[in-house]
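# Architecture and fold: a report
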Amino acid sequence: MIVPGASSLPETGGHDDQVGLPDPEELRVALRPPELPLPAPRTPLELAQRVSDLTHAERCREAVALAATPLPDGGSAVGPVPGAASAGPAASADSVPAADLAVLASARLAALARVGTDEEVAAAAGDLLRAQRRAGYAAQAAATAQVLLERGVLREPADGGARSGGSLSDGSRAGRRRAAPATVTPELLAVVRELDVPHRRARGAVGPASADLAGPAGPADPAATATDPRRRIRVLRAALDALPAARADLLGAPEPLLRLRLAQALEAAGLTESATTAALDALELLEEVDADPEAEASRRADPHRVRIAAHAVLARALRASHPLAAVRHALDALGVMRRVEDAPLRVGLVTDLLEALTAAGLERDASFAAGRLASLQRSLRRDELRTGPLLAVAGQRIRVGRADEAREALEEVRRIAREHRDRSTDLEAARLLATLYEREGDLRGSLLQLRRVAADARWLSDDLATPAPRRGPFLRIELEALALVLRRAMDLGETPTARAAARAIERRTRPDGGRLLLPSALLWDHRVDARVGELVAVAAADPDAEELPELLDGAREVIGLAPGGHEERALYWRAYLDEQHALLLERRGEREAALAAALQAQAQWRNQDAEADDLERIDALVARLSAEA
């Protein structure tokens, strides 16, 4: 296994100079539309891959119809079209390995779990379990039946036989003696629960029926990930620990898939270094599997999708630290996409590529990718899938000064967010609009958008439906937005708005505010910033305000509450507060008192590792006050 700091990653002090710049021709090829129509599948595995691709692309009815397509050998690779009596995979095709038919039956069940009736889904589940048993994996069939019951795909009959899969007829003749039910070990069950066993979805519901391997989460249980990716990490690690004991009872090589899903869960939890390691492990395992394509372990319905998703995780995880390596992984993923028919996946990968190009500072290539992405996102069937690409396009257009195109994309994002009541997307659009107004010099427009950001972030942080790991980041966004509101309001002379922002920060950071969502040191720093900012705003509006001494004492009191280990930051705030006190006294005309406060601030600045700008500013203030005195 690859360990953190793998040799495949750049190790040049945070730079990736040894990773070559993307070739323009390679970039153009990667961003071309897919070569459709793809060649007709000729084997059960090729057909299973195409069915799986259509299911992930939310084209489930096409997937079900394709699964019933006869293969070139003249035999049917799967049961009849829904509505007819199920015949199961064509066991009569002796030339077709039973394991391949089991893979195809699994892909067909994933599609039918989304759009089929209960009877059709039960028949497809029976096809899958029979195919697994005929391939020699009776224990996996029994475990799969139990998981299908847990997920509502099947309903347990009155005799309870479904616990071992026995309730689903295997087509045996009446009176034939049944084999003893296979034993399902806890280790086998732990692994099967994390494989591509679908959940039952309401007919017509949006979203993939099985795990979407392109996204940042992609678990076997979408509901679990929506609440807490840390739970997914524990479950997946337990499944990997159980895998050696269950490997002999499993069809194919499940470890690359489990490693990938662990990487996605780690990414969702914000553990990017661990996610990078797990994704590299998945790619390494895929290379080992691909070394012998005829081996039993190589059988999988979507062999390319695991590789694509692993590269996608790396493209996102490495974007900040190794942007050129992230570009390379995004291009590698798009290279594999030539054999996959999935518009949402392609658009997501181009979005990852655009963000990696932008992080690498390759603005010409990023502009080209943004243009292609703006065109590709129109091919998506659901508006909710278009917001991420549009936000990426808008961000790139803002950076290169193409404000009109950015504003057009953001208006479309906000329309979609309003229609679907998506506050998270609306928050991101407001952040980009604030940046756009800032660059245009429109401080009032920026102030309005920052207030929207703070309001949306507060709502999301307090919403009980927000996953626990995301509540802290939303609170941080709210506090940072309120801090900027405080500054912009001071710049515009809007003292009431500035004070309201300071009081809001105070409420959200008070020590008795309940369970901490952020480190106490960070909350303390925001609280001090709000106290000092309110003092400065009031002093600028009215240097003789009666409440100024109270505000000054309140700021000093909060600074004195610095958490352990943050004495350096407290020294900074004391020096800054004394400097602001000196400026206040100067406005009042109290020159001698102002000079004394300035000298005290100067001494405090010099007694710490202060920035050159801070020292130059305080020295200029002392010189001016000394001359006036």
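Residues numbered from 1 in each chain as written. Predicted model: local features only at pLDDT ≥ 70, side-chain atom pairs only at ≥ 80, totals over all residues. Heavy atoms only, no water.

What follows covers the overall build of the protein chain. For the protein chain, the count of helices and strands is 26 helices and zero strands. Each of the 629 residues in the protein chain was classed as buried or not, and the buried ones make up 53%. When contacts within the protein chain are restricted to residue pairs at least 6 apart in sequence, those whose partners lie at least 24 apart make up 68%. For the protein chain, the accessible area works out to roughly 28,500 Å², and carbon and sulfur atoms hold 51% of it. (Helix = DSSP H or I, 4+ residues; strand = E, 2+ residues; numbered from the N terminus. Buried < 20%, exposed > 50% of the residue type's maximum accessible area, 1.4 Å probe, protein only. Contact = heavy atoms within 4.5 Å. Areas by Shrake-Rupley, 256 points an atom, 1.4 Å probe, with all protein chains shown as cover.)

Even without glycine at this site, Glu58 takes up a positive phi of about 65°. Within the element layout of this structure, Glu58 appears in the loop between α2 (44–56) and α3 (60–67). The exposure class assigned to Glu58 is buried, which follows from its relative accessible area of 18%. Not every positive phi belongs to a glycine, and Arg421 is a case in point at roughly 50°. Turning to its location among the elements, Arg421 is positioned in the loop between α17 (403–419) and α18 (423–439).

Let us look at a negative patch on the surface. Judged by side-chain charge, Glu567, Glu568, Asp609, Glu611, Asp613 and Glu616 come together as a negatively charged surface patch. Where the negative patch is concerned, the elements lending two or more residues are α24 (567–588) and α26 (612–628). Counting through the fold element by element, Glu567 comes out in helix α24. (Patch = residues over 30% accessible without salt bridge, like charges linked within 9 Å, V, L, I, M, F, W, Y side chains within 5 Å. Salt bridge = Lys/Arg side-chain N within 4 Å of Asp/Glu carboxyl O. Lys, Arg positive; Asp, Glu negative; His and termini not counted. Charge placed at Lys NZ, Arg CZ, Asp CG, Glu CD.)

On to the pattern of salt bridges. Between side chains of opposite charge, pairing is possible as soon as their charged atoms come close. Using the criterion set out here, one finds 53 salt bridges in the structure. Close ionic contact of Arg407 with Asp404 constitutes a salt bridge, the shortest N to O distance being 3.9 Å. Here Arg407 and its partner Asp404 are both found in helix α17, three residues apart, which amounts to about one turn of the helix. Here Arg407 falls in the partly exposed class, since its relative accessible area comes to 21%. Judged by its relative accessible area of 62%, Asp404 is exposed. Taking the shortest distance from any N to any O, the salt bridge between Arg423 and Asp456 comes out at 2.9 Å. Taken together, the residues Arg423 in helix α18 and Asp456 in helix α19 (residues 443–462) connect sequence positions 33 residues apart. What makes Arg423 partly exposed here is its relative accessible area of 31%. In this structure Asp456 comes out as buried when scored by relative accessible area, which is 6%. Through salt bridges that share partners, Asp383, Arg386, Glu412, Arg415 and Glu419 make up one connected network.

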